Amino acid sequence: MRTKKQIQMSETFINSAVLAVSGGFQDAYTYFTRDKVFSNAQTGNIVLMSTHLMMGEWLDVLRYLFPLLAFAGGVFFAERIHMLFKYAKRLHWRQGVLLMEIVILFAVGFMPKHLDLLATVLVSFACA
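What you see is a predicted model, and the numbers here were worked out from it, not measured in a lab. (Residues numbered from 1 in each chain as written. Predicted model: local features only at pLDDT ≥ 70, side-chain atom pairs only at ≥ 80, totals over all residues. Heavy atoms only, no water.)

Our focus in this paragraph is the side chain of D27. Along the chain, D27 turns up in helix α1 (residues 13-33). Lacking a salt bridge, the buried D27 has R34 as its closest oppositely charged neighbour, with an N-O distance of 12 Å. Polar contacts involving the side chain of D27 include one to the main-chain amide nitrogen of N40, which spans 2.5 Å. The contact partners of D27, leaving out residues within four places of it in the chain, are F38, S39, N40 and A41. (Helix = DSSP H or I, 4+ residues; strand = E, 2+ residues; numbered from the N terminus. Buried < 20%, exposed > 50% of the residue type's maximum accessible area, 1.4 Å probe, protein only. Lys, Arg positive; Asp, Glu negative; His and termini not counted. Salt bridge = Lys/Arg side-chain N within 4 Å of Asp/Glu carboxyl O. Polar contact = N/O pair within 3.5 Å; in protein donor to acceptor, adjacent residues only side chain to side chain. Contact = heavy atoms within 4.5 Å.)

One broad trend across soluble globular proteins is that nonpolar side chains are buried collectively. Counting residues in hydrophobic clusters, the biggest one holds seven residues: I104, V108, M111, A119, V123, A126 and C127. Where this core is concerned, the elements lending two or more residues are α4 (93-108) and α5 (116-127). Sort the elements by how many residues they give to this core and α5 lands first, with four residues. In this view, V108 contacts Y29, R34, A119, L122 and V123; residues no more than four positions away in its chain are not counted. (Core = buried A, V, L, I, M, F, W, Y, C linked by side-chain atoms within 4.5 Å.)

This part takes up the side chain of Q42. Position of Q42 among the secondary structure elements: in helix α2 (residues 42-54). Polar contacts involving the side chain of Q42 include one to the main-chain carbonyl oxygen of S39, which spans 2.9 Å. Beyond its immediate sequence surroundings of up to four residues, Q42 is in contact with P67, L68, F71 and S124.

Packing of α1 against α5 brings their axes to within 11 Å, and their N-to-C directions diverge by 170°. In terms of orientation, α1 and α5 fall into the roughly antiparallel class. By crossing handedness, the relation of α1 to α5 is classed as left-handed. The residues of α5 that touch α1, namely those facing Q26, T30 and T33, are D116, T120, V123 and C127. Residues that form the contact of α1 with α5 fall into these classes: two nonpolar, four polar and one charged. (Axes fitted to C-alpha atoms, helices over the stretch in contact; angles between N-to-C directions. Parallel < 35°, antiparallel > 145°, perpendicular 65-115°, else oblique. Left-handed = near helix turned anticlockwise from the far one by under 90°. Nonpolar A, V, L, I, M, F, W, Y, C, P; charged D, E, K, R; others polar.)

Tallying each qualifying case throughout the model produces four aromatic pairs. Between F77 and F125 the ring centres are 5.6 Å apart and the planes differ by 45°, which places this aromatic pair in the tilted class. In this pair, F77 sits in helix α3 (residues 58-84) while F125 sits in helix α5, placing the two residues 48 residues apart along the sequence. For F77, a relative accessible area of 30% translates into the label partly exposed. Residue F125 is classed as partly exposed on the basis of its relative accessible area of 25%. (Phe/Tyr/Trp six-rings, centres within 6.5 Å; stacked < 30°, edge-to-face > 60°.)

Structural data, given as structure tokens:
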């Protein structure tokens, strides 16, 4: 007799679709309103960073490097939270990470234009 494999809510198709749309929206937001830097598509940042590197535009290289490093830091941070709170009873570790993402993205929405680099770095961190 066949049994249905139980999957977590975080692994469902609808959740994956929502995450893809959300990541695309965040990329569009930071690219078009925050100085043409991607927050989620780090491959795009690597291409743009490499282009500026080859042209000798060092400050523009940093504009793409910092979000890339923030994304890597966000992955590391999320894994650390996972390890530390894997067996928490009150709040699942994913819910805690999601709450932090909401707070970060809400704060970014109020950041002025002159803080574009910080805003993009924070969005990249949250996207990870």
